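Residues per chain, in single letters:
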Amino acid sequence: MNNKSMNEITKTFGKNVKSFRLELGISQEDLALRAHLHRTYIGSVERGERNISLENIICIASALQVAPSDLLKGI
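Residues numbered from 1 in each chain as written. Predicted model: local features only at pLDDT ≥ 70, side-chain atom pairs only at ≥ 80, totals over all residues. Heavy atoms only, no water.

A. Up close: the nonpolar core. Judged by nonpolar contacts, the single largest core of 18 residues is most densely connected at Val-17, Ile-60, Leu-64 and Leu-71. Excluding anything up to four places from it in sequence, Val-17 contacts Leu-31, Val-45, Glu-46, Ile-60, Leu-64 and Leu-71. (Core = buried A, V, L, I, M, F, W, Y, C linked by side-chain atoms within 4.5 Å. Buried < 20%, exposed > 50% of the residue type's maximum accessible area, 1.4 Å probe, protein only. Contact = heavy atoms within 4.5 Å.)

Pasting the structure below:
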């Protein structure tokens, strides 16, 4: 098992979300609208402040047009 701390895991996940969002050229607000989540929630995910649910991982992945596993790379 990986020895990364939860803080490292959430930060890596957040960086992955932000990277895919920037590749699409959309704002946090646009991502939030596409994922049916609040803009401030997306911001806190990207900053690695949230340990989000599997359901929200799937919503964000769908909104970014990537597989949920793509958001977990490097974790």
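B. The arrangement of helix H4 (residues 54-64) in detail. Looking at H4, one finds that the buried residues are Asn-56, Ile-57, Ile-60, Ala-61, Ala-63 and Leu-64. Projected down its long axis, H4 shows its buried positions confined to an angular sector of 160°, all on one face. For H4, the exposed residues lying more than 90 degrees away from the buried face are Leu-54, Glu-55 and Ser-62. Taken together, the buried residues of H4 touch helix H1 (6-24), helix H2 (28-35) and helix H3 (39-46). (Helix = DSSP H or I, 4+ residues; strand = E, 2+ residues; numbered from the N terminus. Arc of directions from axis to C-beta.)

C. Focus on the side chain of Arg-21. Locating Arg-21 in the fold gives a position in helix H1. For Arg-21, a relative accessible area of 7% gives the class buried. Polar contacts involving the side chain of Arg-21 include one to the side chain of Glu-46, which spans 2.6 Å. In this view, Arg-21 contacts Ile-26, Ser-27, Gln-28, Leu-31, Glu-46 and Leu-64; residues no more than four positions away in its chain are not counted. (Polar contact = N/O pair within 3.5 Å; in protein donor to acceptor, adjacent residues only side chain to side chain.)

D. Molecular detail of the pattern of salt bridges. In total, this model carries three salt bridges according to the counting rule given. One salt bridge in this structure joins Arg-21 and Glu-46, with 2.6 Å as the shortest N-O distance. Remark: Glu-46 occurs in helix H3 and Arg-21 occurs in helix H1; sequence separation between them is 25 residues. For Glu-46, a relative accessible area of 8% gives the class buried. Between Asp-70 and Lys-73 there is a salt bridge; the shortest N-O distance is 3.3 Å. Given the relative accessible area of 51%, Lys-73 is considered exposed. (Salt bridge = Lys/Arg side-chain N within 4 Å of Asp/Glu carboxyl O.)

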